[in-house]
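Descriptive structure summary
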Amino acid sequence: MAPPFTKLVLILVILFTLGPGYAYSSDVFVDAECLTVPGSEFVDSVKSTIQTVREVISIVSRFSGPIGRDFRLSNAIADCLDLLDFSADELTWTLSASQKPTTGKGKYNSSGNTGADMRTWLGGALGNQDTCMDGFEGTNSFVKTLVGGSLSQVTSLVRQILGMVRQLPPTIAHDRRKLLFPGWLKAKDRKLLQANIAADAVVAADGSGDFTRVMDAVSAVPDYNSQRYVIYVKKGVYREYVEISKKKTNIMMIGDGMDLTIISGNRSFIGGWTTYRSATFAVKGKGFIARDMRFENTAGPEKHQAVAFRSDSDLSVVFRCAITGYQDTLYAHSMRQFYRDCLITGTVDFIFGDGVVVFQNCQILARKGLPNQKNTITAQGRKEPTQPSGFSIQFSNISIEPSALLGNSSIPTYLGRPWKLYSRTIIMQSYISGFIRPEGWLEWNGNFALDTLYYAEYMNYGPGAGLGGRVKWPGLHAINDSSQANNFTVAQFLLGNSWLPSTGVKYTAGLLV
């Protein structure tokens, strides 16, 4: 054991080497600029909240399993346990990031900006309790009341922790050409991204692969996989429900094309499922990439909420995929997500959730729904002003499906409506067709959120892009300054220059000039 004097010298040398930008205690080792409170206070708060979440899980778990004949209630309780467990994970990631630098191997599923990472994870943990409560819609049970108070306590604690974290500005972007294939990406993966696929597993409905079901291939992926694991899904229609759990990390799933490789389901709210559980395809594992596939929910508009694709995958990419359904098609539930060259269709709130999301070069098309129904493209769910979440739609085509014009040329279609108090959606440099209502945006319920939401439009074009007829809400902004619009680009909003190049998917870091 080193003498006390030697220990003191070692500590002083380490602190001098790192410089004044780091806070150090027995519990925390993190850039001090990230925190608004002493590091030890932050760590104690996170640890205490994790313990509270575990206690609430214990309470809710007493009601798990079938409850009489109430199928939806059983699903709601299962959702709560799933979401609370995920909140505990997100808090644990935050604790880990505060106690050790995200460098080397640990940087693989990190943006490299500790503050941004922690705010993203905490933002996800903040919203999970709301999703849990939403699942009780349509049930008549004392369970909702019983667990509601405990969930509110968790939300309050996470809100306080989120307020302790600052997001540091993005580091200066590197030359993208140099970053295209970073060091950790193996030669096999480079070839895969550039040309033919060397898959780790092949799924084929005709039996010519390793598996006939997509979910079986997912189950075979090693837990907490640290390297890219490629699943090639051959053309065919796969009528199944796929859920990639938090343990199945860094999966890359590739099909033969959005019209050839199709994963199809029809779960819906009317069918007794919660909105969260209705997803045909759902992913939580970090670093997920999907390419050249279709995810669909065929339940139809009369079945109300029916999700085709749900994601809680941080630093994830969906590229050249179709996501099709009606109400609540794409559930970008939480975390940082990037969609490029995708087709997304639906009717009511068909892009919704509380993720930090950028859509680039996508076809976003409203469909024909129920008679006298109003189409709303987005319903973003940011509930606190401190959350980093929001939807940014860039270089995209916003219109309606041609089939929606048959017999009815006046389906009222809007860019979005505020699902939560601080709903945030930005549309930039996109084509907006004349089928979008001149008002642009629709109320959720009276004056709810009209002062607190943040909706913005910047340099859009097309017959529906005119701002003269837009609603006159305090929260709606016509951006005229490119520096303000830059806040919602891939480079700024997603810190994409630090992690998107490793996926091999093309993207535009900033604005088109």
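Scroll up to find the structure this text is about.
This write-up is about the structure you can find in this document. All figures in this text were calculated on a predicted structure; none of them were measured in a lab.

1. Quick word on the overall build of the protein chain
Per the secondary structure count, the protein chain includes ten helices and 28 strands. Across the 513 residues that make up the protein chain, the buried fraction comes to 58%. For the protein chain, the share of sequence-separated contacts (at least 6 apart) that also reach a separation of at least 24 residues comes to 71%. Surface exposure of the protein chain reaches about 20,900 Å², of which carbon and sulfur atoms provide 54%.

2. Description of unusual backbone geometry
Of note, Leu315 is a non-glycine position whose phi angle comes to about 55°, a positive value. Within the secondary structure, Leu315 is located in the loop between β12 (309-311) and β13 (316-319). A positive phi is found at Asp349, a non-glycine position, where the angle reads about 50°. Along the chain, Asp349 turns up in strand β18 (residues 348-353).

3. Things to note about the state of the cysteines
Using the criterion set out here, one finds one disulfide in the structure. The disulfide that involves Cys80 links it to Cys132, with 1.7 Å between the sulfurs. One disulfide, between Cys80 and Cys132, carries an S-S torsion of 85° and so falls in the right-handed class. A residue pair is termed long-range when its members are at least 10 positions apart, and Cys80 in helix α3 (residues 71-99) and Cys132 in helix α4 (residues 114-134) qualify at 52 residues. The residues Cys80 and Cys132 share a single accessibility class, namely buried. Cys342 takes part in no disulfide bond, and the closest cysteine sulfur, belonging to Cys362, lies 4.7 Å away. Relative accessible area serves as the criterion here: at 2%, Cys342 is assigned to the buried category.

4. Quick look at the packing of α4 against helix α5 (residues 142-162)
Remark: α4 packs on α5, axes separated minimally by 9 Å, with the N-to-C direction vectors making an angle of 165°. In terms of their interaxial angle, α4 and α5 are classed as roughly antiparallel. In the crossing of α4 with α5, the sense of the turn from one axis to the other is left-handed. Here Arg119, Leu122, Gly123, Ala125, Leu126, Gln129, Cys132 and Met133 of α4 come into contact with α5, specifically with Lys144, Gly148, Leu151, Val154, Thr155, Val158, Arg159, Ile161 and Leu162. Of the residues belonging to the contact of α4 with α5, the class tally is ten nonpolar, four polar and three charged.

5. Remarks on empty space enclosed by the protein
For the structure shown, the criterion picks out three cavities of 30 Å³ or more. Its boundaries defined by the atoms lining it, the largest cavity holds a volume of some 140 Å³. Forming the walls of the largest cavity are 16 residues, and the residues nearest its centre are Gly127, Thr131, Asp354, Gly381 and Trp419.

6. Some points on the pattern of salt bridges
A side chain of one charge can pair with a side chain of the opposite charge if their charged atoms are brought near each other. Across all of its chains, the model carries 26 salt bridges by this definition. A salt bridge links Arg277 to Asp79, with the shortest nitrogen-to-oxygen separation between them at 2.7 Å. Taken together, the residues span a long stretch of sequence, with Arg277 in the loop between β8 (261-265) and β9 (281-283) and Asp79 in helix α3 at a distance of 198 residues. Classification of Arg277 as buried rests on a relative accessible area of 17%. Among the ionic pairs, Lys420 bridges to Asp130, the shortest N-O distance being 3.7 Å. With Lys420 in the loop between β24 (413-416) and β25 (424-428) and Asp130 in helix α4, this residue pair connects regions lying 290 residues apart in the sequence. Accessibility expressed as a relative area gives 16% for Lys420, which makes it buried. What makes Asp130 partly exposed here is its relative accessible area of 21%. What emerges from the salt-bridge pattern is a single network uniting Asp79, Asp82, Glu243, Arg277, Lys284, Arg310 and Asp312.

7. Examining the sheet that holds strand β17 (residues 343-346)
Two strands in a sheet stick together by hydrogen bonds in their backbones, pointing the same way (parallel) or opposite ways (antiparallel). Pairing within the open sheet is parallel, and its eight strands lie in the order β5-β8-β11-β14-β17-β20-β23-β26. Two strands close off the open sheet at either side, each with one partner strand: β5 (236-239) and β26 (431-432). Relative to strand β20 (residues 363-366), β17 runs parallel, the two being bridged by four bridges. Each bridged residue has a counterpart across the sheet, and for Gly346 the counterpart in β20 is Ala366.

8. A short note on the layout of surface pockets
Regions of empty space are outlined by a rolling probe, equal in size to a water molecule, passed over the atoms. The space that makes up the second largest pocket amounts to roughly 340 Å³. Looking at the second largest pocket, it is lined by 21 residues, and the ones nearest its centre are Asp134, Glu137, Thr275, Gln305 and Trp419. Contributions of two or more residues to the lining of the second largest pocket are made by α3, α4 and β18. Considering only residue class, the lining of the second largest pocket consists of seven nonpolar, six polar and eight charged.

9. So, a nonpolar patch on the surface
Residues Leu421, Trp444 and Phe448 make up a contiguous nonpolar surface patch of about 230 Å² in total accessible area. Here Trp444 is to be found in the loop between β26 and β27 (454-458). With relative accessibility at 31%, the residue Trp444 sits in the partly exposed group.

10. Regarding helix α2 (residues 39-61)
Over its 23 residues, α2 runs 33 Å from end to end, which matches the ideal 33 Å to within 8%, given 1.5 Å per residue. The set of residues buried in α2 consists of Gly39, Phe42, Val43, Val46, Thr49, Ile50, Thr52, Val53, Val56, Ile57 and Val60. Of the surrounding secondary structure, the elements contacted by the buried residues of α2 are α3, α4 and α5.

11. Let's talk about the side chain of Gln394
Counting through the fold element by element, Gln394 comes out in strand β22 (residues 390-394). Since its relative accessible area comes to 0%, Gln394 is described here as buried. When sequence neighbours within four positions are dropped, the list of residues in contact with Gln394 reads Val358, Phe359, Gln360, Asn361, Met428, Gln429, Ser430, Thr489, Gly510 and Leu511.

12. Structural notes on the packing of α3 against α4
Close contact between α3 and α4 brings their axes to 9 Å; oriented N to C, the two are set at 165°. Put simply, α3 runs roughly antiparallel to α4. Note that α3 runs across α4; the crossing there is left-handed. Counted together, Cys80, Leu83, Leu84, Phe86, Ser87, Glu90, Leu91, Trp93, Thr94, Ala97 and Ser98 of α3 and Thr114, Met118, Trp121, Leu122, Gly124, Ala125, Asn128, Gln129, Thr131 and Cys132 of α4 form the full contact between these two elements. Looking at the contact of α3 with α4 residue by residue, the class counts come to twelve nonpolar, eight polar and one charged.

What counts and what doesn't
Residues numbered from 1 in each chain as written. Predicted model: local features only at pLDDT ≥ 70, side-chain atom pairs only at ≥ 80, totals over all residues. Heavy atoms only, no water. Helix = DSSP H or I, 4+ residues; strand = E, 2+ residues; numbered from the N terminus. Buried < 20%, exposed > 50% of the residue type's maximum accessible area, 1.4 Å probe, protein only. Contact = heavy atoms within 4.5 Å. Areas by Shrake-Rupley, 256 points an atom, 1.4 Å probe, with all protein chains shown as cover. Disulfide = S-S within 2.5 Å. Axes fitted to C-alpha atoms, helices over the stretch in contact; angles between N-to-C directions. Parallel < 35°, antiparallel > 145°, perpendicular 65-115°, else oblique. Left-handed = near helix turned anticlockwise from the far one by under 90°. Nonpolar A, V, L, I, M, F, W, Y, C, P; charged D, E, K, R; others polar. 1 Å grid on protein atoms, 1.4 Å probe; cavity = no way out; pocket = protein on both sides within 12 Å on 5 of 7 lines; lining within 4 Å. Points joined across faces, edges and corners; volume = space filled by probe spheres on them. Salt bridge = Lys/Arg side-chain N within 4 Å of Asp/Glu carboxyl O. Pairing = 2+ DSSP bridges. Patch = residues over 30% accessible without salt bridge, like charges linked within 9 Å, V, L, I, M, F, W, Y side chains within 5 Å. Expected span 1.5 Å × (residues − 1).

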